Protein chains: 2
Amino acid sequence: MIRVVVVDDHEIVRKGMIAYLQTDGDIEVVGQASSGFAGVEVILQEKPDVVLMDLIMENGTGIEATKQVMEKFPECKIIILTSYYDDKQVFPAIEAGAFSYLLKTASADEIVQAIKKAVIGENVIEPKVANKMLTSFQKDTLKPHDELTPREMEVLLCIGNGLTNQEISEKLYIGIKTVKTHVSNILSKLGVSDRTQAAVYVHRNGLL
Amino acid sequence: MIRVVVVDDHEIVRKGMIAYLQTDGDIEVVGQASSGFAGVEVILQEKPDVVLMDLIMENGTGIEATKQVMEKFPECKIIILTSYYDDKQVFPAIEAGAFSYLLKTASADEIVQAIKKAVIGENVIEPKVANKMLTSFQKDTLKPHDELTPREMEVLLCIGNGLTNQEISEKLYIGIKTVKTHVSNILSKLGVSDRTQAAVYVHRNGLL
DNA sequence: AAGTAACTCGGACTTGAGACGGAGAGGAAA
DNA sequence: TTTCCTCTCCGTCTCAAGTCCGAGTTACTT
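What counts as what
Residues numbered from 1 in each chain as written. Chains lettered and ligands numbered in written order. Predicted model: local features only at pLDDT ≥ 70, side-chain atom pairs only at ≥ 80, totals over all residues. Heavy atoms only, no water. Near = heavy atom within 4 Å. Polar contact = N/O pair within 3.5 Å; in protein donor to acceptor, adjacent residues only side chain to side chain. Helix = DSSP H or I, 4+ residues; strand = E, 2+ residues; numbered from the N terminus. Nonpolar A, V, L, I, M, F, W, Y, C, P; charged D, E, K, R; others polar.

Inspection of the region around DNA strand C gives 17 residues, with S184 and R195 of chain A together with T149, G175 and T178 of chain B positioned closest. Here a phosphate oxygen of DNA strand C and a side-chain polar atom of R151 of chain B are 2.8 Å apart. Listing elements by their share of the surface near DNA strand C, those giving two or more residues are α9 (176-190) of chain A together with α7 (150-160) and α9 (176-190) of chain B. Taken together, the residues of the surface near DNA strand C sort by class into four nonpolar, eight polar and five charged.

In the region of DNA strand D, 17 residues are neighbours, and T149, G175 and T178 of chain A together with S184 and R195 of chain B sit closest. Within 4 Å of the protein, atoms of DNA strand D come from sugar and phosphate in 67% of cases. Within the side chain of R151 of chain A, a nitrogen or oxygen atom sits 2.8 Å from a phosphate oxygen of DNA strand D. N165 of chain B has a polar side-chain atom sitting 3.4 Å from a phosphate oxygen of DNA strand D. Those elements giving two or more residues to the surface near DNA strand D turn out to be α7 (150-160) and α9 of chain A together with α9 of chain B. Residue classes in the surface near DNA strand D are distributed as four nonpolar, eight polar and five charged.

Here you go:
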């Protein structure tokens, strides 16, 4: 039997969730709470295998509750349930030690599956959230030129080939003023101060 | 006996040379001429083993004579004798088929040795001329930046790192005017038109 | 003694580069 | 619809860059 605690300040959500979970023969709801503060008490007392935790609550956020639980009871698998995938608290929740991260748009069955996976060590991350995480992690290894627009990249490569603004404007069939605008944007995006350094950047990063 | 023909428009040189060569028991002077034109006639008639040919003569140059002889009598070893090592006709002479290339500053004994070496297939090239030939051959594989002075190379590498003239002047403890002078010289030596192209050159040739 | 090459600097000059601010057109997403 | 991004372009302005000229200094070679 999988021992579960449900923490959510919306009573209707909490009750409904519990009712559904009880229909599954492998799951036993051993506790519930309507705030993060109360949730920590219940969890530390019942020592459940899995916790379903709402992220946004009136009395103490899910983040704080998660942190406190992980400090004293790190074996616990906390599944975060939230309404918005672009919530700014996604990453703090992960950092706090949440094990899985689901949206409330997920079907009841998905939630059950997430609980069962949690006990065997598999975490479930909502695709859109996973995407956000991925791009976030990549941001550390993100090269400055990745934020260049396609047109700017074209111009940058021209600079890397030693072309002047005039030559670039002729090659790309645009005005020299436009080239200057692109160059200015490129320089500030790359964090360099002139085209020569931009050319050096191109070759140092093997863009050619 | 080594059969030799001497071609030189200066009578005193010709006579002196012949007189000296005759003192060597292995050499026999079988003909002489005071112009390239006449020289060809004598050579084709006498079929000597070796020819001592002056490069600069009034009637037909040694170059032309050498070419004509090599066409009809290629086995002949023609030794070019000239006064100046930086003569512009050095390479045309070699191309025409001259076998050895000596300066008139060479000692009489050196000339005799050159003759004896010629018959056994060894050619003798004046060191300075050889040097000129070498650097000439190397010029094909010579990178433009090889002719940069050490200081210019320093400046070029700075450019390759994206430094401005001001920054270079501070790094090398010289005036910005001096930097500009170096940059100008660098650009013309590399055959590029601005510092950006110079920076590209640096990276394309792996100078950093 | 004379020549050559490298390094240094000066002044005057032209021009390309880049910054700054503004702006319109088109497309994609909320 | 509105917002946002991209691409496009304009004018103005400042300054670094580069050219062209000359010139003085070493140091090495002839």
